[in-house]
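In case you want the letters, here they are:
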Amino acid sequence: MKIMIQQLDNARDLPLPSYQTAGAAGMDLFAAVENDTPFVLHPMERKVVPCGFKMALPQGYEAQIRPRSGLALKHGISMPNSPGTIDADYRGEVGVLLINLGGEDFVIKRGDRIAQMIINRVEIAELVQVEILPNSKRGDGGFGSTGL
């Protein structure tokens, strides 16, 4: 699959999203923050980190933005809307909403790998309104109803 991508002027020195290994499912995204201005994420603070590119996904696809496990484990950095979704018709700069769940400030430097992007096919559903739904074994059992 080919995806059109436009590197923005604020990120000409940064790599485009890329797979780090042959078996990787996600492409790493790089922080396009200013070089000379610290981008600090205080504990429990949320900020959008720019990635320095725009893209045009083919119709019928989405990009899911997911946290990096190493940042979560080592520093408590995650995404409050995980996974984030980029729709096929979005043409703005890709940004990653991060949250610092750790106990210390976290400094994001230019070029840091901050998240990963996975491309997925999207099935468009047609909703059919009915008066009564068919029965199922589970019924309306909600949270925890099928066991721990």
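In what follows, the structure referred to is the one given above.
Residues numbered from 1 in each chain as written. Predicted model: local features only at pLDDT ≥ 70, side-chain atom pairs only at ≥ 80, totals over all residues. Heavy atoms only, no water.

Asks: Could you clarify how one ought to interpret the environment of Arg121 in this entry?
Replies: Looking at where Arg121 falls in the secondary structure, it is placed in strand S11 (residues 113–121). Separated by 60 residues in sequence, Arg121 and Tyr61 place their C-alpha atoms 4.4 Å apart. Other than its neighbours up to four places away in sequence, Arg121 contacts Gly60 and Tyr61. Reaching out from Arg121, the side chain makes a polar contact with the side chain of Tyr61 at a distance of 2.9 Å. (Helix = DSSP H or I, 4+ residues; strand = E, 2+ residues; numbered from the N terminus. Contact = heavy atoms within 4.5 Å. Polar contact = N/O pair within 3.5 Å; in protein donor to acceptor, adjacent residues only side chain to side chain.)

Asks: Would you mind going over the pairing of strand S6 (residues 61–66) with me for this structure?
Replies: Side-chain positions along a regular strand alternate between the two faces of the sheet. By the criterion of burial, S6 is predominantly enclosed, with 5 of the 6 residues buried. With 6 bridges connecting them, S6 and S11 associate as antiparallel partners. Counterpart to Ala63 in the pairing with S11 is Ile119. Across 3 bridges, the pairing between S6 and strand S8 (residues 84–86) is antiparallel. Paired with Ala63 across the bridge in S8 is Ile86. (Buried < 20%, exposed > 50% of the residue type's maximum accessible area, 1.4 Å probe, protein only. Pairing = 2+ DSSP bridges.)

Asks: Would you mind going over the nonpolar core with me for this structure?
Replies: In globular proteins that are soluble, nonpolar side chains generally tend to be buried together. Leu29, Val96, Leu98, Ile114 and Met117 are the most contacted members of the largest nonpolar core, which has 28 residues in total. Of all elements in the fold, only strand S2 (27–30), strand S3 (39–41), strand S5 (53–56), S6, strand S9 (95–100), strand S10 (106–108) and S11 reach the threshold of two or more residues within this core. If one sorts the elements of this core by residue count, S11 sits on top with 4 residues. Beyond its immediate chain neighbours, meaning those up to four positions away, Val96 contacts Leu29, Lys47, Val48, Val49, Cys51, Ile65, Met79, Ile114 and Ala115. (Core = buried A, V, L, I, M, F, W, Y, C linked by side-chain atoms within 4.5 Å.)

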